[in-house]
Amino acid sequence: MTTSHAVVATPETIALAAAHLRAGDLVAFPTETVYGLGANALDAAAVEKIFIAKRRPRSSPLIVHIADAQDARKVVRLWPNAAELLARHFWPGPLTMVLPKSNAIPAIVSGDLDTVGVRLPEHPVARALIRAAGVPLAAPSANEFMQLSPTAASHVARSLAGRVAMILDGGNSDAGIESTVVSISAEGHVELLRPGAVRREQIERVLGTAVADAHWDKQGSAPSPGMHERHYAPHTPLRLVSRQSPLPDGAGALISLGTARPNLPNDLTEIVLPAYPEAYARGLYAALHSVDHPDHAWIALEPPPQQPAWEAVNDRLRRAASP
Ligand code: TXA
Ligand code: MG
């Protein structure tokens, strides 16, 4: 049984969703970053359904979501001091830690890697759902592979209609951009795999050391197999166009930074996003979803400055932009 529309999250619908998860079915649910597509992380057959629903390659590892910090120890086999420190500061919240995985986690969850990403989300619906299910939830973003992440239940319904047992609506995602992913070695060395809602500099302040990007191993395989160059992309070609540069010809839409662009043609759709990184991230995917329309030949976006506070936003824009 599958659904194509969202239901508002209430204690009753959360209980029903938890029953679907325990039965091995998929449930899309809100988190403070983006919506997730969840399955029981301890059930390999349930997790397999995620890859089918998203058309995602098996080599792309999933994040395991827990509702209580002490449950991390059931998912991972090592808990270095750095993990404890970061969990205390950033959990519940948008930080994912990749650590050596425990045997409880089936190989399919982590793309056969010996590690697993673990995150304790802050969204009350996410936590209530995980607690009600009584198991950790493997959950990627609830969109088709490589496409825009959903920050509203309506985005999920459009992208995964008929492929999930239930879609829980918990309002718009507050951060609007995915979690920051770090890897932590057995020795407690921390590297950045994906910039996200927690800024690199916040992590560095807590650890008291610099946090570098994860290096590539000798075989040349990516440190984070899910990090594809083209990712998070709308169907409509996205071009990064500074305010001084002309817009492309034909019908399209413009996403401006901070203020409206003067002298635009009347029929052009313009969305102005705030010139502050957090507020911008909150609105970015919703703006892209709203102008990602077959009538548009292009989406032009005025890029934010290349500054540390904008690192995560600029990472997503680079991956979303057409070559
Ligand atoms: O905010 C988020 O993280 C959202 C919500 C739903 O929690 N989830 C999310 O999942 O963005 P997904 O599957 O779209 O992205 C997971 C990222 C990928 O870049 C993947 O490569 C990385 O986390 N990742 C997960 N497990 C990993 C592992 N064991 N080793 C390296 N990278 C891992
Ligand atoms: Mg994703």
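Please read all numbers here as calculations on a predicted model, not as lab measurements.

Okay, the pairing of strand β14 (residues 298-301) next. Burial along β14 is two-sided: the face carrying W298 and A300 and the face carrying I299 and L301 are both buried. In terms of strand pairing, strand β11 (residues 238-240) meets β14 through three bridges, oriented parallel. Within β14, the position partnered with L238 by the bridge is I299. Direction of pairing for strand β12 (residues 252-257) relative to β14: parallel, over a ladder of four bridges.

This part takes up the packing of helix α4 (residues 81-90) against helix α7 (residues 200-207). Running from N to C, α4 and α7 cross one another at 120 degrees; their axes reach a closest spacing of 10 Å. It follows from the interaxial angle that α4 and α7 lie oblique. α4 and α7 meet at a crossing whose hand is right-handed. Every residue of α7 that contacts α4 at A82, L85, L86, H89 and F90 is listed here: Q202, I203, V206 and L207. Classifying every residue of the contact of α4 with α7 gives seven nonpolar, two polar and no charged.

If you want to describe how two helices pack, look at the angle between their axes and the distance between the axes. At a closest axis distance of 9 Å, the pairing of helix α8 (residues 277-291) and helix α9 (residues 311-320) adopts a crossing angle of 30 degrees. Put simply, α8 runs roughly parallel to α9. Where α8 crosses over α9, the handedness of that crossing is left-handed. Counted together, P277, Y280, A281, L284 and Y285 of α8 and V313, R316 and L317 of α9 form the full contact between these two elements.

Within helix α6 (residues 153-160), burial applies to A153, H155, V156, A157 and L160. Directly after α6, the chain includes G162, whose backbone phi takes a positive value near 75 degrees.

Counting across every chain of the model gives two aromatic pairs. With centroids separated by 6.1 Å and ring planes inclined at 40 degrees, the aromatic side chains of W79 and W91 adopt a geometry described as tilted. Of this pair, W79 sits in the loop between α3 (72-75) and α4 while W91 sits in the loop between α4 and β5 (95-100), and the two are 12 residues apart along the sequence. In this structure, W79 and W91 share a single accessibility class: buried. Measuring from centroid to centroid gives 5.2 Å for Y280 and W310, while their planes differ by 80 degrees, and the two rings are edge-to-face. Of the two residues, Y280 is situated in helix α8 and W310 in the loop between β14 and α9; the sequence distance between them amounts to 30 residues. Overall, the relative accessible area of 0% leaves Y280 in the buried class.

Among the nonpolar cores identified, the biggest contains 50 residues, and L86, W91 and M97 are the most heavily contacted of them. Apart from residues no more than four positions distant in its own chain, M97 is found in contact with W79, A83, L86, A87, W91, V116, G117, V118, V182 and I184. Judged by nonpolar contacts, the second largest core, of 23 residues, contains I177, V291, V313 and L317.

Glancing now at the pattern of salt bridges. Tallied over the full model, the rule gives 20 salt bridges. In this structure, R131 and D68 form a salt bridge, with 2.8 Å as the shortest nitrogen-oxygen distance. Of this pair, R131 sits in helix α5 (residues 124-133) while D68 sits in the loop between β4 (63-65) and α3; the two residues are 63 residues apart in sequence, bridging distant segments of the chain. Its relative accessible area of 46% is what places R131 among the partly exposed residues. One salt bridge connects R243 with E302, and the closest N-O pair in it is separated by 2.9 Å. Here R243 is found in the loop between β11 and β12, whereas its partner E302 is found in the loop between β14 and α9, with 59 residues between them in sequence. Relative accessible area serves as the criterion here: at 12%, E302 is assigned to the buried category. Where salt bridges share partners, they join E178, D315, R316, R318 and R319 into one cluster.

This next bit is on α4. Within the sequence span of α4, burial applies to A82, A83, L86, A87 and F90. The buried residues of α4 occupy an angular sector of 130 degrees when the element is viewed end-on, so they sit on one face. Those residues of α4 that are exposed and aimed more than 90 degrees away from the buried face are N81, R88 and H89. Taken together, the buried residues of α4 touch β5, β9 (180-184), β10 (190-194) and α7.

Here we take up the sheet that holds strand β13 (residues 269-273). Read across the sheet, four strands follow the order β11-β14-β12-β13 without closing on themselves; strand pairing throughout is parallel. In this open sheet, the two strands that pair with only one neighbour each are β11 and β13. Taking each pair of neighbouring strands and ignoring which way they run, the sheet shows an average axis angle of 20 degrees. Where α8 meets the sheet, its contacts fall on β11, β12, β13 and β14, and the angle it forms with β13 comes to roughly 170 degrees.

Each value, and the rule that gives it
Residues numbered from 1 in each chain as written. Chains lettered and ligands numbered in written order. Predicted model: local features only at pLDDT ≥ 70, side-chain atom pairs only at ≥ 80, totals over all residues. Heavy atoms only, no water. Buried < 20%, exposed > 50% of the residue type's maximum accessible area, 1.4 Å probe, protein only. Helix = DSSP H or I, 4+ residues; strand = E, 2+ residues; numbered from the N terminus. Pairing = 2+ DSSP bridges. Axes fitted to C-alpha atoms, helices over the stretch in contact; angles between N-to-C directions. Parallel < 35°, antiparallel > 145°, perpendicular 65-115°, else oblique. Left-handed = near helix turned anticlockwise from the far one by under 90°. Contact = heavy atoms within 4.5 Å. Nonpolar A, V, L, I, M, F, W, Y, C, P; charged D, E, K, R; others polar. Phe/Tyr/Trp six-rings, centres within 6.5 Å; stacked < 30°, edge-to-face > 60°. Core = buried A, V, L, I, M, F, W, Y, C linked by side-chain atoms within 4.5 Å. Salt bridge = Lys/Arg side-chain N within 4 Å of Asp/Glu carboxyl O. Arc of directions from axis to C-beta.

Everything listed is a geometric property; what it means functionally is a separate question.
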